[in-house]
Amino acid sequence: MSANLSSILFLITGVLFILALRGLSSPETSRMGNFFGITGMILAIVVSILSVDIFFNNLIYFIVALSIGGIIGGIIAFKIPMTAMPQLVAGFHSLVGLAAVLVAVSAYYSPDSFGLGTFQDIKTASIIEMGLGVSIGAITFTGSIIAFMKLQGLMSGSPITFPGQHYLNALLGILIISLIGYLIVNQSTQIFWILIIASLLIGFLIIIPIGGADMPVVISMLNSYSGWAAAGIGFTLENTALIITGALVGSSGAILSYIMCKGMNRSFLNVILGGFGTDSSASAKTVKEEQKPVKSGNAEDAAFLMKNASSVIIVPGYGMAVAQAQHALREMVDKLKKNDVKVSYAIHPVAGRMPGHMNVLLAEANVPYDEVFELDDINNDFANTDVAYVIGANDVTNPVAKTDPKSPIFGMPILDVEKCKSVLFVKRSMSPGYAGVDNELFYRDNTLMLFADAKKMTEDIVKHLD
Amino acid sequence: MEIDPFIFRLSIFILSIFIGYFVVWSVTPSLHTPLMSVTNAISSVIIVGAIIASFSSLDGSNISFSNMLGFVAVTLAAINIFGGFLVTQRMLQMYKKKEKKKNK
């Protein structure tokens with residue numbers, strides 16, 4: 001295949017990928033979008049195979065490699081529970097990073113087959129691009145593995161910090177940049193491998209100080225990195241499809257990181273420097289010991305309240321996902337609807353462990369997506385709503401974010417459940433959320449605390465609704 | 001004076017960032033998880049590099065170190081491609097509209 005023809009076909013691949021993302025602007029068009037994405041990928045693979053000289057031995061190994069990967073990927077895709085999507089995505093990012101590193105190393109050792117020059121005499125522009133690609137790829141690889149382990153619970157979600165951490169990171173960053181520069185004058189294998197090792201190390205170091213609760217930002221950030229790594233390799237290989245895709249993925253991840261940071265009212269830098277917020281340590285410091293009266297109720301009270309309401313808004317948080325309460329919740333809503341209660345769902349941007357996670361979990365429980373609303377779309381409705389059923393969420397409803405400038409969550413956008421006539425909180429105990437802030441809503445007259453496991457409480461309410 | 005082809009690639013790159021910016025802002029927040037899994041799948045187009053690496057050869061007979069790296073990279077990218085697109089498909093199938101009442 002001529003170079004011009006393959007370039008045009010790679011451009012078409014890029015366009016198909018743009019259409020794939022464009023399709024996600026609404027659930028109706030999204031499946032078509034995914035189809036465009038798959039078509040683009042098949043086109044890219046076919047064009048690349050037709051553009052290289054095929055040797056029979058290699059072809060067999062290639063087909064074996066593709067099949068093994070395909071089977072593993074297929075099995076994972078069908079088996080993975082939706083609650084585990086964050087770690088799955090983190091795991092997948094690490095594979096993109098590692099693949100980028102392997103391609104760059106391969107290109108470094110056989111530059112002639114990539115058309116980049118000869119061994120240790122690679123074109124200057126190409127070696128810089130290769131250095132950038134391999135470095136970002138390596139950072140994505142180790143960073144994603146740490147994120148995966150934290151999300152999967154293989155390592156503690158609490159931040160790991162040590163003195164001089166930022167200095168060490170800064171030093172490694174300078175080293176990486178200098179090594180890429182040094183490759184221009186000296187393309188020795190030692191320099192190349194030191195660059196890779198330093199990048200692997202910094203990928204590890206920048207993720208360990210970030211707390212488990214900040215994982216939505218981290219996953220989005222690593223998504224972005226995997227895109228920039230692909231773009232770096234795209235420049236090295238002078239491949240349009242890779243450059244376009246890398247840019248799309250890179251900006252997508254960056255936007256998602258921005259949205260997540262905004263949802264928590266944290267600056268990106270603040271998250272990256274890490275050390276903030278863990279599930280246990282932060283809460284211990286700020287819990288006030290004073291005893292304020294709290295009204296607590298049981299499933300019967302809750303069922304009575306909701307059955308006699310004309311409208312209910314459900315506010316799910318990550319606690320709902322942990323308790324696997326989404327199916328019971330759906331059952332409860334069905335019963336309420338039979339009683340002519342209007343029910344909708346309100347989702348905070350940072351509910352769940354990754355962007356949009358809560359929406360997927362609700363969709364899995366057969367909740368129609370047109371009953372699920374984002375913060376901006378539903379926040380005004382709370383004032384006209386009888387009951388808010390808050391399940392597994394806490395900080396995202398805390399009015400202190402609006403009133404107390406000293407609070408760590410001040411400025412964070414919240415769901416105005418306080419404006420509802422009555423509020424039901426399903427919680428296991430009085431412990432504050434990850435920000436470690438006491439929620440004054442718990443002590444209000446119109447609040448009823450339901451102390452139980454989210455799933456069990458919802459199931460009990462379902463029984464009492466009959 | 002002739003323009004370096006790098007400049008063209010850089011132009012494509014910069015313009016693609018802008019396309020990505022606008023397209024991704026128009027993605028509905030409820031589909032942000034599928035967005036992440038699909039961007040993950042498409043970034044595996046890095047398989048085109050892995051394919052070149054798999055078939056690069058000087059004499060056409062021996063499997064070189066570069067070839068082996070290529071095969072591993074093909075496997076990793078394939079996991080991502082199949083896993084990424086299929087899991088996205090699985091998620092998107094779940095998004096359903098409210099069922100219309102039968103008597104209407």
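Residues numbered from 1 in each chain as written. Chains lettered and ligands numbered in written order. Predicted model: local features only at pLDDT ≥ 70, side-chain atom pairs only at ≥ 80, totals over all residues. Heavy atoms only, no water.

Caption draft 1: Representation of the overall build of chain B within the structure. Helix and strand content of chain B: four helices and zero strands. What you see in chain B, going N to C, is helices and strands ordered as α-α-α-α. Its C-alpha atoms give chain B a radius of gyration of 21 Å, more than 25% over the compact-globule value 13 Å for 104 residues. Along the first, second and third principal axes, the C-alpha set of chain B runs to 75 × 45 × 20 Å. When each of the 104 residues of chain B is scored for burial, the buried share is 56%. Considering only intrachain contacts with a sequence separation of at least 6, the fraction spanning at least 24 residues in chain B is 61%. Accessible surface, chain B as shown: approximately 4,900 Å² in total, 68% of it carbon and sulfur. Computing the positive centroid from 9 side-chain charges and the negative centroid from 4, chain B places the two 37 Å apart. (Helix = DSSP H or I, 4+ residues; strand = E, 2+ residues; numbered from the N terminus. Rg over C-alpha atoms; globule rule 2.2 N^0.38 Å. Buried < 20%, exposed > 50% of the residue type's maximum accessible area, 1.4 Å probe, protein only. Contact = heavy atoms within 4.5 Å. Areas by Shrake-Rupley, 256 points an atom, 1.4 Å probe, with all protein chains shown as cover. Lys, Arg positive; Asp, Glu negative; His and termini not counted. Charge placed at Lys NZ, Arg CZ, Asp CG, Glu CD.)

Caption draft 2: Molecular detail of the interface of chain A and chain B. Listed as interface residues are 106 residues of chain A and, on the opposing side, 80 residues of chain B. Between chain A and chain B the total buried area reaches about 8,300 Å² when both faces are included, carbon and sulfur atoms providing 77% of it. Scanning the region where chain A abuts chain B turns up one salt bridge. If you look at where chain A meets chain B, you find 18 residue pairs in polar contact (both at pLDDT 80 or more). Ranked by residues supplied to the side of chain A that touches chain B, first place goes to helix α3 (residues 56-79) of chain A with 17 residues. (Buried area = accessible area lost by both parts, 1.4 Å probe. Salt bridge = Lys/Arg side-chain N within 4 Å of Asp/Glu carboxyl O. Polar contact = N/O pair within 3.5 Å; in protein donor to acceptor, adjacent residues only side chain to side chain.)

Caption draft 3: A look at the pattern of salt bridges. Residues and elements named next belong to chain A. All told, the structure shown has eleven salt bridges over all chains when counted by the stated rule. In this structure, E371 and K337 form a salt bridge, with 2.8 Å as the shortest nitrogen-oxygen distance. Pair noted here: E371 is in the loop between α16 (357-364) and β5 (372-374) and K337 is in helix α15 (residues 326-338), with a separation of 34 residues, a long-range link. With relative accessibility at 4%, the residue E371 sits in the buried group. For K337, a relative accessible area of 28% translates into the label partly exposed.

Caption draft 4: Just the pairing of strand β4 (residues 342-347) of chain A, in detail. All names here are of chain A. With respect to burial, β4 is a largely interior element, five of its six residues being buried. As judged from the four bridges shared by strand β3 (residues 311-316) and β4, these two strands associate in the parallel manner. Residue S311 lies in a different strand from β4, and its bridge partner there is K342. With three bridges joining them, β4 and β5 adopt parallel strand pairing. Looking across to β5, one finds that I347 is bridged to E374. Taken together, β4, α16 and β5 constitute a β-α-β crossover, and its handedness is right-handed. (Pairing = 2+ DSSP bridges. Right-handed = clockwise from strand over helix to strand, strands pointing away.)

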